[in-house]
Amino acid sequence: LGENKFTFVEKCANPQSVTILMKGPNKHTLQQTKDAVRDGLRAVKNALEDGCVIPGAGAYEVATHVALKKFLESVKGRARLGIQAYADGLLIIPKVLAQNAGYDAQEVIVKLLEEGAVNPTVGVDCDSGEVIVPQDKGIYDNYRVKRQMINSCTVIASNLLLVDEIMRAGMSSLKG
């Protein structure tokens, strides 16, 4: 290939490994390509290990937001505020998808929530800014990535609330 010589071993009966040959005009482009291939292979590995995938394009976040809003009706007291904030926080993913694709995030979120009340698996089409069913376009996310996202968000929110509580306790002891 070009000025370089390579040996290719092809048509093996039972190959146990493969090599991907990548070329690029500079180190930065080559590193970006290498990272993209590694990320893609990791996504396939995760999907195979999990044995499932979930709808992408922000569909999981919209469906969870809608479900939490329905659950909110049965909750009383201060817990409602936490559930409301958590549900609203989930919408950051579809908002960012719409924004990064060049569309008005608020307009897209309004469309998603209207359609999400009827069809729980709707997401953002980054090509048109419209509401789509991600499965119809082959858009999926890894289950383990979403599970880790929910777990991490919950831990981080709990830690922030704990720090806030400690700071408030410290301030009240300084005043007294």
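Relevant structure appears above.
Student: Can you break down the overall build of the protein chain residue by residue, with the values?
Tutor: Tallying secondary structure elements over the protein chain gives seven helices and four strands in all. Secondary structure elements of the protein chain, listed N to C terminal, follow the sequence α-β-α-α-α-α-β-β-α-β-α. A compact globule built from 176 residues would reach a C-alpha radius of gyration of about 16 Å, whereas the protein chain, at 23 Å, exceeds it by more than 25%. Projecting the C-alpha coordinates of the protein chain onto the three principal axes gives extents of approximately 75 × 45 × 35 Å. By the burial criterion, 20% of the 176 residues in the protein chain qualify as buried.

Student: Pulling in residues and values, what's your account of the nonpolar core?
Tutor: Here is a general trend for soluble globular proteins: nonpolar side chains tend to be buried in one another's company. Core analysis: the biggest nonpolar cluster contains nine residues, these being Val-62, Val-66, Leu-91, Ala-98, Val-108, Ile-109, Leu-112, Val-122 and Val-124. Elements with a minimum of two residues in this core: helix H2 (59–72) and helix H5 (105–116). If you tally residues by element for this core, the top one is H5, at three residues. Those residues in contact with Val-62, other than ones at most four positions away along the chain, are Leu-91, Pro-94, Leu-112, Gly-116 and Val-122.

Student: Hey, could you go over the packing of helix H3 (residues 79–90) against helix H4 (residues 92–100) for me, with residue numbers and the actual values?
Tutor: Angle between the axes and distance between the axes: these two values describe a pair of packed helices. One can describe the packing of H3 onto H4 by two numbers: an axis separation of 5 Å at closest approach and a directional angle of 30°. On the basis of the axis angle, H3 is roughly parallel to H4. Counting all contacts with H3, which are made through Asp-88, Gly-89 and Leu-90, the residues of H4 involved are Ile-92, Ile-93 and Pro-94.

Student: Kindly report on the state of the cysteines, identifying the contributing residues and their values.
Tutor: One pass over the structure, following the stated rule, counts zero disulfides. The cysteine Cys-52 is free of any disulfide, with Cys-153 supplying the nearest cysteine sulfur at 19 Å. Overall, the relative accessible area of 32% leaves Cys-52 in the partly exposed class. Cys-126 carries a free sulfur, and the closest cysteine sulfur to it, the one in Cys-153, is 19 Å from it. Judged by relative accessible area, Cys-126 falls into the partly exposed class, the value being 35%.

Student: Could you give an account of the side chain of Glu-61, naming the residues involved and the relevant values?
Tutor: Mapped onto the secondary structure, Glu-61 falls in helix H2. Apart from residues no more than four positions distant in its own chain, Glu-61 is found in contact with Leu-90, Leu-91, Ile-93, Pro-94, Lys-146 and Met-149.

Student: Break down the packing of H2 against H3 for me, with residues and values.
Tutor: Between H2 and H3, the least distance of the axes is 8 Å, while the angle of their chain directions is 165°. When the axis of H2 is compared with that of H3, the two are roughly antiparallel. Seen along the crossing, H2 lies across H3 with a hand that is left-handed. Side by side, H2 and H3 meet where Glu-61, Thr-64, His-65, Leu-68, Lys-69, Phe-71 and Leu-72 of the first sit next to Arg-80, Ile-83, Gln-84, Tyr-86, Ala-87, Asp-88 and Leu-90 of the second. Per-class residue counts for the contact of H2 with H3 are seven nonpolar, three polar and four charged.

Student: I'd love a proper account of unusual backbone geometry, names of residues and values included.
Tutor: A positive phi is found at Lys-11, a non-glycine position, where the angle reads about 55°. As for its placement among the helices and strands, Lys-11 is situated in the segment before helix H1 (27–50). In this structure Lys-11 comes out as exposed when scored by relative accessible area, which is 84%. Phi at Ala-57 takes a positive value of approximately 65°, unusual for a residue other than glycine. If you trace the backbone, Ala-57 turns up in the loop between strand S1 (53–55) and H2. Among the residues examined, Ala-57 registers a relative accessible area of 10% and is labelled buried.

About the cut-offs
Residues numbered from 1 in each chain as written. Predicted model: local features only at pLDDT ≥ 70, side-chain atom pairs only at ≥ 80, totals over all residues. Heavy atoms only, no water. Helix = DSSP H or I, 4+ residues; strand = E, 2+ residues; numbered from the N terminus. Rg over C-alpha atoms; globule rule 2.2 N^0.38 Å. Buried < 20%, exposed > 50% of the residue type's maximum accessible area, 1.4 Å probe, protein only. Core = buried A, V, L, I, M, F, W, Y, C linked by side-chain atoms within 4.5 Å. Contact = heavy atoms within 4.5 Å. Axes fitted to C-alpha atoms, helices over the stretch in contact; angles between N-to-C directions. Parallel < 35°, antiparallel > 145°, perpendicular 65-115°, else oblique. Disulfide = S-S within 2.5 Å. Left-handed = near helix turned anticlockwise from the far one by under 90°. Nonpolar A, V, L, I, M, F, W, Y, C, P; charged D, E, K, R; others polar.

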